[in-house]
Amino acid sequence: MTNPLIGVTTSRRGGWRSYLMHRLALARVGARSVRLIPGGALPDEPLQGLVIGGGDDIGAEIYGGKVLPDVRIDPERDKLELGLLKAALPAELPILGICRGSQMINVALGGTLHTDIYEVYVQAPKMRTVLPRKTVTVEADSRLNGILRCNPCQVNALHHQSVDKLGRGLRIAARDESGIVQAIENESGPFLLGVQWHPELLFWKKPQQRLFAALTAAAKEAEVPLMAAALS
């Protein structure tokens, strides 16, 4: 069987670094990858899975949030990812959301975000690190728990937004010590999982690598690959 092709969304500016880390993580578990950026060429080959990657904040107007000054947004990427999810979700394509990507899954399904977690979780320590220094507790009966097989888990933290109101059909799969949502997943059905941290940067951590392995396994079983025509 041909190794499945996974589409990976990144920012146009600077996103190649993020893509290389995702490409490495996916290659290690037997998947191929293609970078998807706003205005970029779409792949000729159908996709069997998606990674909605990290990056700039999501525009607050999309989910009715508070517009903050001095935050970097990318409206064209917002449009691209919402279009991808509009096509991929009903097709039941396996999807992994990472940081911004987890938030985008929630927004695409009608959920909302905390625009600034430190305005809501005032006691939460301000943490920004690529190292696994944040502790998250995973719901015992979640798909995520069966994948990671570490509970609690140590992860990194590079975000200041988080899930607020859950989107349709989603459940909380993990929180950190301050109660901030750190992972979401679908209540039932195909592979749909979002994590607030960056597993691609924790490449030496086997539990984090298993996230990409689980996505790849689901992609191999995908019955309806997503044709490029559906993305336009």
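Bear in mind the structure is a predicted one, so any value in this text is a computation, not a measurement.

Structural notes on the nonpolar core
Part 1 of the reasoning: Formed by 33 residues in total, the largest nonpolar core has its most connected members in Leu-96, Leu-144, Leu-148, Phe-191, Trp-197 and Leu-211.
Part 2 of the reasoning: Among the elements that take part in this core, helix 6 (residues 206-220) stands out by supplying 6 residues, more than any other.
Part 3 of the reasoning: Sequence-distant contacts of Leu-96, defined by excluding residues within four places in its chain, comprise Leu-50, Val-51, Ile-52, Phe-191, Leu-193, Leu-211, Phe-212 and Leu-215.
Part 4 of the reasoning: Formed by 25 residues, the second largest nonpolar core is a distinct cluster that contains Ile-58, Ala-60, Val-181 and Leu-192.

Some points on the packing of aromatic side chains
Part 1 of the reasoning: This structure, assessed with the given rule, holds 1 aromatic pair.
Part 2 of the reasoning: Relative to Trp-204, the ring of Phe-203 has its centre 5.3 Å away and its plane inclined at 80°; by these criteria the two rings are edge-to-face.
Part 3 of the reasoning: Residue classification places Phe-203 among the partly exposed residues on the basis of a relative accessible area of 40%.

Regarding the sheet that holds strand 10 (residues 181-186)
Part 1 of the reasoning: Strand order in this open sheet of 9 strands is 2-1-3-4-11-10-9-6-7, and the pairing throughout is mixed. Of all the strands in the sheet, just strand 2 (32-36) and strand 7 (153-157) have a single pairing partner and so form its edges. With strand direction ignored, the average angle separating the axes of adjacent strands in the sheet is 25°.
Part 2 of the reasoning: In this sheet, strand 2 lies alongside strand 1 (residues 5-9) in parallel orientation, the contact comprising 5 bridges. Note that in strand 2 the partner of Thr-9 across the bridge is Leu-36.
Part 3 of the reasoning: Its contacts with the sheet place helix 2 (residues 75-88) against strand 1, strand 2, strand 3 (49-52) and strand 4 (95-98), and it is angled at close to 150° to strand 3.
Part 4 of the reasoning: Along the sheet, helix 6 contacts strand 1, strand 3, strand 4, strand 7 and strand 11 (192-195); its crossing angle with strand 4, the most-contacted strand, is approximately 150°.

Parameters at a glance
Residues numbered from 1 in each chain as written. Predicted model: local features only at pLDDT ≥ 70, side-chain atom pairs only at ≥ 80, totals over all residues. Heavy atoms only, no water. Core = buried A, V, L, I, M, F, W, Y, C linked by side-chain atoms within 4.5 Å. Buried < 20%, exposed > 50% of the residue type's maximum accessible area, 1.4 Å probe, protein only. Helix = DSSP H or I, 4+ residues; strand = E, 2+ residues; numbered from the N terminus. Contact = heavy atoms within 4.5 Å. Phe/Tyr/Trp six-rings, centres within 6.5 Å; stacked < 30°, edge-to-face > 60°. Pairing = 2+ DSSP bridges. Axes fitted to C-alpha atoms, helices over the stretch in contact; angles between N-to-C directions.

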